[in-house]
Amino acid sequence: MNARANTPSLEAFWMPFTANRQFKAAPRLLAAAQGMYYTSDDGRRVLDGTAGLWCVNAGHGRRQITEAVERQLSTLDFAPTFQMGHPIAFDFAERLAAIAPGGLDRVFFTNSGSESVDTALKIAIAYQRAIGQGTRTRVIGRERGYHGVGFGGITVGGLVNNRRVFPLLPGADHLRHTHDPARNAFTKGGLPAHGAELADDLERLVALHGAETIAAVIVEPMAGSTGVLLPPQGYLQRLREIATRHGILLIFDEVITGFGRLGAPFATDYFGVTPDLVTTAKGITNGTIPMGAVFASRKVHDGLMTGPEAAIELFHGYTYSGHPVACAAGLATLDIYAEEGLLTRAAELAPHWEAAMHSLRDLPNVVDIRTIGLVAGIELSSREGAPGARAYDVFVDCFNKGLLVRVTGDIIALSPPLIAETQHIDDLAAMLGDALKRAA
Ligand code: PMP
């Protein structure tokens, strides 16, 4: 299929979220990784501008995690957590509870962001039923939201390509998204000034559907995968107030923002707005072993701990919920985050990061730059008749020149590992700037 040495056959692997035929004609393969860098299969060093897929917050190849995983595999490789347990799952839940977003210190384990989202939606609906609000089964999401690929997640998500082919959960509805480059382009030094009133969409949906039909509203505090869309000043507070007023649970999807991405342990802490449920994954194990977790408030948790003592309170779970090897990876990851101060490091880097990203402002086709913590979205104007093509070309060019970026539509999304030094940030900005010039 291609001429590189040591390249495996590319036929059998049906790649996720990939234009398979296009990719296989000109593949990009990553063979190794250490610290801030990948090594491609043809031996080139590639600066990781995306922490893998928003997950390798402590950088690649961390020995502490490797050793913890090895130890756990040789001690207890697997044990169930259904009507049965093993100590490390309880230990890890306690350690997570100690840093829980907004004090939501009850932890349900999953294996991915998508599973965390579907779990949180199910918890919300089950909770409402348990407290005598069984008519509340409707879930509300937001346009341009990304909540993974389960049927719950694509229902509350707001991406047409995730939604158009599949039947969705009945009754769901959406808030409008908050992306407004006409009013907020090139915002610096804080959140966009305009758009808090968009939270009132929830009030509108209450008027339309009746509060007694709505179980929960879910948003990403910062929408990552759909292009780094920041919440306007006051927006999340307003959403919290409206949800509370109407007995609607608020879910923050922190699969990306969890574990230090914005400069606080969670976006919940960063924004000072406390939801009822928080979904996480990715950085929970530094991307090493698949895992996710849902954090629930005492109110939600205790609301479900009702009914007869011998009964299962929530009929839900995964074979690998609290997998011992994932828990071992997670504990080692939390140790690294604590020892190296990584859960707040993005706050220290943010001024340098913001300046570096905004230095690209005058390059061709750049129509907006947004940063928060150690995240940036660089929005390009679309090439006529070919939306997404310009950013995709930049992505391929960057990869060939030694920088990994992510693109969604014509937005370039950046989220390097939180161990980045200012030199990495400067290198990243220089390489991306060169690619933007070449693309013109
Ligand atoms: N929610 C959010 C906010 C995400 O960003 C993602 C993945 N990028 C998911 C859910 C889904 O996570 P996963 O791919 O692990 O299922």
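As recorded by an unreviewed UniProt entry, the protein chain carries the name Aspartate aminotransferase family protein and is attributed to Ancylobacter defluvii. As its UniProt record puts it under Cofactor (unreviewed entry), the protein chain is described as follows: "pyridoxal 5'-phosphate". Within the UniProt record for the protein chain, the comment given under Sequence similarities (unreviewed entry) is "Belongs to the class-III pyridoxal-phosphate-dependent aminotransferase family."

(A) Spotlight on the overall build of the protein chain. Within the protein chain one finds 16 helices and 15 strands. Taken over C-alpha atoms, the radius of gyration comes to 22 Å for the protein chain, in line with the 22 Å a tight globule of 440 residues would show. Dimensions of the protein chain, computed from C-alpha atoms along their principal axes, come out at roughly 65 × 55 × 45 Å. By residue count, 49% of the 440 residues in the protein chain fall in the buried class. A separation threshold of at least 6 residues defines the contact pool for the protein chain, and within that pool the share at least 24 residues apart is 72%.

(B) Broad picture of the site of the ligand. Near the ligand, the surroundings consist of 14 residues, among which Ser-112, Gly-113, Ser-114, Gly-148 and Val-255 are the closest. If one sorts the elements of the shell around the ligand by residue count, helix H5 (residues 113-130) sits on top with three residues.

(C) Broad picture of the sheet that holds strand E14 (residues 406-408). As summarised here, the arrangement of the four strands in space is E11-E12-E15-E14, forming an open sheet in which the pairing is antiparallel. Each end of this open sheet is capped by a strand with a single partner; those strands are strand E11 (366-372) and E14. Averaged over all adjacent pairs, the angle separating strand axes in this sheet is 20°, with direction ignored. In this structure, E11 lies alongside strand E12 (residues 375-380), joined through six bridges in antiparallel fashion. When the bridges of E12 are listed, Ile-369 appears paired with Ile-378. Sheet strands touched by helix H14 (residues 342-358): E11 and E12. Its angle to E11, the strand with the most contacts, is close to 175°.

(D) Up close: the nonpolar core. Formed by 123 residues in total, the largest nonpolar core has its most connected members in Ala-124, Leu-202, Ala-216, Val-217, Leu-249, Ile-251 and Leu-277. Per-element accounting of this core gives the leading share, eight residues, to helix H13 (residues 324-339). Both domains that meet at this core, namely domain 1 (20-58 + 341-439) and domain 2 (66-339), each give it at least three residues. The residues touching Leu-202, leaving out its near neighbours within four places in the chain, are Ile-140, Leu-175, Val-217, Leu-239, Ile-242 and Ala-243.

(E) Fine view of the domain arrangement of the protein chain. By the assigned domains, the protein chain splits into domain 1 (20-58 + 341-439) and domain 2 (66-339). Averaged C-alpha coordinates put domain 1 and domain 2 at centres separated by 26 Å. Residue-level contacts link 33 residues of domain 1 with 27 residues of domain 2. The set of elements that each furnish at least two residues to the side of domain 1 that touches domain 2 consists of helix H2 (51-54), H14, E11, E12 and strand E15 (411-414). Grouping the constituent residues of the side of domain 1 that touches domain 2 by class yields 18 nonpolar, nine polar and six charged.

(F) Structural detail: the packing of H14 against helix H16 (residues 422-439). Two numbers describe how H14 lies on H16: the axes approach to 10 Å, and their chain directions differ by 15°. Considered as vectors, H14 and H16 are oriented roughly parallel to each other. Once H14 is placed against H16, the crossing between them reads as right-handed. Contacts between H14 and H16 pair Leu-349, His-352, Trp-353, Ala-356 and Met-357 from the former with Thr-422, Ile-425, Asp-426 and Ala-429 from the latter. For the contact of H14 with H16, the residue count by class is six nonpolar, two polar and one charged.

(G) Quick look at the packing of helix H4 (residues 87-98) against H13. In contact at an axis separation of 9 Å, H4 and H13 are set at 35° when each is read in the N-to-C sense. For the element pair H4 and H13, the recorded crossing hand is left-handed. The segment H4 lies against H13, with Ile-88, Ala-89, Asp-91, Phe-92 and Arg-95 engaging Pro-324, Cys-327, Ala-328, Gly-330, Leu-331 and Leu-334. Split into classes, the residues belonging to the contact of H4 with H13 amount to eight nonpolar, one polar and two charged.

(H) Summary view of H4. With 12 residues, H4 ought to run about 16 Å at 1.5 Å a step, and its terminal C-alpha atoms sit 17 Å apart, in line with that. Against the buried residues of H4 lie helix H3 (63-75), strand E4 (106-110), strand E10 (292-296) and H13.

(I) Seen up close, the pairing of strand E9 (residues 277-280). Here E9 shows a buried face lined by Leu-277 and Thr-279 and a second buried face lined by Val-278 and Thr-280. Sheet topology places strand E8 (residues 249-253) next to E9; three bridges connect them, and they run parallel. From the neighbouring strand, Asp-253 faces E9, where its bridge partner is Thr-279.

(J) Inspection of the pairing of strand E3 (residues 45-48) at higher detail. In this structure, strand E2 (residues 37-40) lies alongside E3, joined through three bridges in antiparallel fashion. From the neighbouring strand, Tyr-38 faces E3, where its bridge partner is Val-46.

(K) Layout of unusual backbone geometry. Its identity as a non-glycine residue notwithstanding, Ala-51 has a phi of 45°, on the positive side. With respect to the helices and strands, the residue Ala-51 is situated in helix H2.

(L) Spatial organisation of the environment of Ala-31. One can find Ala-31 in strand E1 (residues 30-34). When the C-alpha atoms of Ala-31 and Thr-279 are compared, they prove to be 31 Å apart, with 248 residues separating the residues in sequence. Excluding anything up to four places from it in sequence, Ala-31 contacts Thr-39, Ser-40 and Asp-41.

(M) Structural context of helix H10 (residues 235-245). Of all the positions in H10, only Tyr-235, Leu-236, Leu-239, Ile-242 and Ala-243 are classed as buried. Taken down its axis, H10 places every buried residue within 125° of arc, on the same side. Relative to its buried face, H10 has exposed residues pointing more than 90 degrees away, namely Thr-244 and Arg-245. Positive backbone phi, approximately 70°, marks Gly-247, located one or two places after H10.

Definitions and cut-offs
Residues numbered from 1 in each chain as written. Predicted model: local features only at pLDDT ≥ 70, side-chain atom pairs only at ≥ 80, totals over all residues. UniProt positions renumbered as here; feature names shortened; annotations may be inferred. Helix = DSSP H or I, 4+ residues; strand = E, 2+ residues; numbered from the N terminus. Rg over C-alpha atoms; globule rule 2.2 N^0.38 Å. Buried ≥ 20, exposed ≤ 12 C-beta atoms within 10 Å, placed from the backbone. Contact = placed C-beta atoms within 7 Å. Near = placed C-beta within 6 Å. Pairing = 2+ DSSP bridges. Axes fitted to C-alpha atoms, helices over the stretch in contact; angles between N-to-C directions. Core = buried A, V, L, I, M, F, W, Y, C linked by C-beta atoms within 7 Å. Domains from an automatic or database assignment. Nonpolar A, V, L, I, M, F, W, Y, C, P; charged D, E, K, R; others polar. Parallel < 35°, antiparallel > 145°, perpendicular 65-115°, else oblique. Left-handed = near helix turned anticlockwise from the far one by under 90°. Expected span 1.5 Å × (residues − 1). Arc of directions from axis to C-beta.

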